[in-house]
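# Results of the structural survey
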Amino acid sequence: MVDRNAHTPGKVKSLKELDGLPLFFIIGRGRSGSTLLRSMLDAHPSVKIPLESRFIQFLYYHFPVKKPWTSKTALQALDALESGFEPLKLDREAFLKSIEEFSDDLRFERVCKLIYLHTRNEFKKEEIRILGDKNPRYTFFVQQLLRLFPGAKFIHLVRDYRDNMVAVQRAGTLIKESGNPYFALGRWLLYNRQALKYQSRYPDRFQRVYFEELITDTEAVMQKLCMFLELVYDPGMLSYHKGMGTYFEEKGFNSLHQSLQTPFDPSKIGEWEELLPKRIAMRSEVLGGRLPEKLGYAPRYHLPLWRKAGIKLLFSPLVFLGQIRFIMKIFFYRFRFLMRIAYGILLRIK
């Protein structure tokens, strides 16, 4: 186990302590169990993960990354975040106190860590040894995250594409997706291709987790993840739901994540067999190509070549159509000025 400088909640003793805190990110297609995994890891007394917010991304496109920050810059960043469309639950007073304490030597990554450390949390913490973040969008932002935090690690969460399609349909407009099964399939393919691309490039920084194993062999999966993150395993992570009461009082969170109140439900595995029409399941297996099998999801149906060709000809355009918005995200993420414009538009129509 690597010895790290641990952070006591509410206290930052030195910049050396702050710089020594590593980060990890949970990525992968949404509706794959990432909030469940986030909640379990956040229940660890040495881990801190805020609720989902793309604050790093927002700051990256609006504020200096390489130049030193002043306390005024940090205050401007905080005001911008609080007026944004994903405001953080931040202990503003404690955050500003830390900013003033280190005002002579602030920079982008240090301010981000201070934000993580001062977000409000429902779980009891001892010494914080690692900071985490969960955001499916960061699947397309890995390269930038590695530039900002060279030692960062990534957990790639994967779920059966057919069950994921069902979950996306169930969530519907709450996640601002149409629920079209072919759109959902296309996005599952795009997210996982991106994650696998980075995993092959940085194998030591990635750990893949399967939703199905997380549900059926939870303790073994969490022990493996603790080894990956260089943490001592804490069995309290398996009882995470006991400490999440106030989260469920929030309408948006409760609507999307009500199932977290009854964790580790094996009925979520393979539910596509009852809820996904057979014709859509058959077409999805053809349209998914080799990637699902590469990730361990074997096809249930075996169709003749002529029928496969017909399915690809008729439905491949729908799969691609579902990916277009996300392909544009990958393109936009490369250019800071384009993202500033995009965020400006989003904030105006908020």
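In what follows, the accompanying structure is described.

Conventions we followed
Residues numbered from 1 in each chain as written. Predicted model: local features only at pLDDT ≥ 70, side-chain atom pairs only at ≥ 80, totals over all residues. Heavy atoms only, no water. Helix = DSSP H or I, 4+ residues; strand = E, 2+ residues; numbered from the N terminus. Rg over C-alpha atoms; globule rule 2.2 N^0.38 Å. Buried < 20%, exposed > 50% of the residue type's maximum accessible area, 1.4 Å probe, protein only. Contact = heavy atoms within 4.5 Å. Areas by Shrake-Rupley, 256 points an atom, 1.4 Å probe, with all protein chains shown as cover. Core = buried A, V, L, I, M, F, W, Y, C linked by side-chain atoms within 4.5 Å. Pairing = 2+ DSSP bridges. Axes fitted to C-alpha atoms, helices over the stretch in contact; angles between N-to-C directions. Phe/Tyr/Trp six-rings, centres within 6.5 Å; stacked < 30°, edge-to-face > 60°.

Next up on the list: the overall build of the chain. For the chain, the helix and strand inventory stands at 17 helices and 5 strands. For 350 residues, the compact-globule estimate of 2.2 N^0.38 gives 20 Å, and the C-alpha radius of gyration of the chain, at 21 Å, lies within 12% of that figure. Principal-axis analysis of the C-alpha atoms places the extent of the chain at approximately 70 × 45 × 40 Å. Classification of the 350 residues of the chain by burial places 53% in the buried group. The contacts of the chain with a sequence gap of at least 6 include a subset with a gap of at least 24, amounting to 78%. Accessible surface for the chain amounts to roughly 16700 Å². Of this, 54% is attributable to carbon and sulfur atoms.

Our focus in this paragraph is the nonpolar core. If you look at the biggest cluster of nonpolar residues, it comprises 55 residues, and the most contacted ones within it are Phe25, Phe55, Ile56, Leu59, Ile115 and Phe154. Residue contributions to this core peak at 7 residues, all from helix α6 (residues 108-117). Once residues within four sequence positions are removed from consideration, isoleucine 115 is found in contact with Phe55, Leu59, Leu81, Leu88, Leu90 and Phe95. Judged by nonpolar contacts, the second largest core, of 28 residues, contains Leu41, Ile155, Ile215 and Met237.

Once that is clear, we can look at the sheet that holds strand β1 (residues 23-27). An order of β2-β3-β1-β4-β5 is seen for the 5 strands of this open sheet, with the pairing classed as parallel. This sheet does not close on itself; its edge strands, each paired only once, are β2 (47-48) and β5 (206-210). Here 5 bridges tie strand β4 (residues 153-158) to β5, and the two strands are oriented parallel to one another. Directly across from isoleucine 155, in β5, lies its bridge partner glutamine 207. Sheet strands in contact with α6 are β1, β2 and β3 (130-134), and its direction is about 85 degrees off that of β3. This element, helix α11 (residues 218-228), spans β4 and β5 of the sheet and lies at about 170 degrees to β5.

Okay, the packing of aromatic side chains next. Between two aromatic rings, the relevant description is the distance of the centres plus the angle of the planes. According to the stated counting rule, one finds 24 aromatic pairs in the structure shown. Relative to phenylalanine 154, the ring of phenylalanine 25 lies with its centre 5.6 Å away and its plane at 25 degrees, an arrangement referred to as stacked. Of this pair, phenylalanine 25 sits in strand β1 while phenylalanine 154 sits in strand β4, and the two are 129 residues apart along the sequence. Given the relative accessible area of 0%, phenylalanine 25 is considered buried. Relative accessible area serves as the criterion here: at 0%, phenylalanine 154 is assigned to the buried category. On the basis of an interplanar angle of 70 degrees and a centroid distance of 4.9 Å, the ring pair of phenylalanine 55 and tyrosine 116 is categorised as edge-to-face. In this pair, phenylalanine 55 sits in helix α3 (residues 55-62) while tyrosine 116 sits in helix α6, placing the two residues 61 residues apart along the sequence. Tyrosine 116 shares its class with phenylalanine 55; the two are buried.

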